[in-house]
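Secondary and tertiary structure notes
Okay, here's what each chain looks like letter by letter:
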Amino acid sequence: MNRAKIAVLVSGGGTNLQALIDAQQSGIITSGEISLVISNNADAYALTRAEKAGVKTAVISKKELGKEKFEEKLIETLDGEKIDIIVLAGFMVILSENFTSHYPKRIINVHPSLIPSFCGEGFYGLHVHEAALSYGVKVTGATVHFVNEIPDGGEIIMQKAVEIEEGDTPEILQKRVMQQAEWIILPAAVEKVSKQIIMKEEDTNGSL
Ligand code: GAR
């Protein structure tokens, strides 16, 4: 295997997807290739970003299919494209154990806080930053972790801290956490895991 095949799952703006696309273009990601972008939301701007970068897209709606069929369709689509790594980049759907158990150590998520703070069900997007500000922490950040059956509970791959500043609003803090942490550690973690997968694959093939 030359490069690990990456699928990115998105729901909204897709700035983390953009960071991955840019990292691939600038040579930060060399061990993996973004092969597919899947959105649960047909209106997600992330789909436009993928199309502009020439990446294949698919829309799979949980609202239309219901949870079970939605996950079945996801698995069918991912396996049909022989995807090695699934990156959740602003994907606002919690996946069941039925799904996560198909891809042990193959699903990566970026979360906008230092796990185990401000994470788990209900903590997504701006809510995470609202919670950090209302608690009064002075440092927050972002975490990239493997995904298992516990929401935001899988093994941590990378974290980066970000200072909270006087006068921060959830929106200002969200932007700083993205710029100073998410857009840096997500591509770095994707490269790290892609490299590990390629090396493992080469070992297996070599020992046959
Ligand atoms: C990002 O801050 C991401 O960490 C967060 O949603 C935002 C999506 O932005 N994800 C979660 O909260 C998941 N629990 P994007 O669409 O511009 O990448």
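Summary of the structure given here. (Residues numbered from 1 in each chain as written. Predicted model: local features only at pLDDT ≥ 70, side-chain atom pairs only at ≥ 80, totals over all residues. Heavy atoms only, no water.)

Topic: the packing of aromatic side chains
One pass over the structure, following the stated rule, counts two aromatic pairs. Where F99 meets Y103, the ring centres are 5.2 Å apart and the plane angle is 50°; that geometry is what we call tilted. Exposure remark for F99: the relative accessible area of 0% places this residue in the buried category. The class for Y103 is buried, based on a relative accessible area of 7%. A centroid spacing of 6.1 Å and a plane angle of 65° characterise the contact between F118 and Y135, whose relative ring orientation is edge-to-face. Note that F118 is positioned in the loop between strand 5 (107-111) and helix 6 (126-135) and Y135 in helix 6, a separation of 17 residues in sequence. Given the relative accessible area of 66%, Y135 is considered exposed. (Phe/Tyr/Trp six-rings, centres within 6.5 Å; stacked < 30°, edge-to-face > 60°. Buried < 20%, exposed > 50% of the residue type's maximum accessible area, 1.4 Å probe, protein only. Helix = DSSP H or I, 4+ residues; strand = E, 2+ residues; numbered from the N terminus.)

Concerning the side chain of N40
Following the sequence through the fold, N40 ends up in the loop between strand 2 (32-39) and helix 2 (45-52). In this structure N40 comes out as buried when scored by relative accessible area, which is 19%. At 2.7 Å, the side chain of N40 and the side chain of S11 are in polar contact. Beyond its immediate chain neighbours, meaning those up to four positions away, N40 contacts V10, S11, I60, S61, F70, F91 and V93. (Polar contact = N/O pair within 3.5 Å; in protein donor to acceptor, adjacent residues only side chain to side chain. Contact = heavy atoms within 4.5 Å.)

Notes on the sheet that holds strand 1 (residues 4-10)
Pairing is mixed across the open sheet formed by seven strands, whose spatial order is 3-2-1-4-5-6-7. One side of each edge strand has no neighbouring strand; the edge strands of this open sheet are strand 3 (56-59) and strand 7 (156-163). Pairwise comparison of adjacent strand axes, ignoring direction, gives a mean angle of 20° for this sheet. One ladder, built from seven bridges, connects strand 1 with strand 2; its direction is parallel. By the bridge assignment for strand 2, A7 is matched with L36. (Pairing = 2+ DSSP bridges. Axes fitted to C-alpha atoms, helices over the stretch in contact; angles between N-to-C directions.)

So far we have only geometry, and geometry alone does not tell us how the molecule works.
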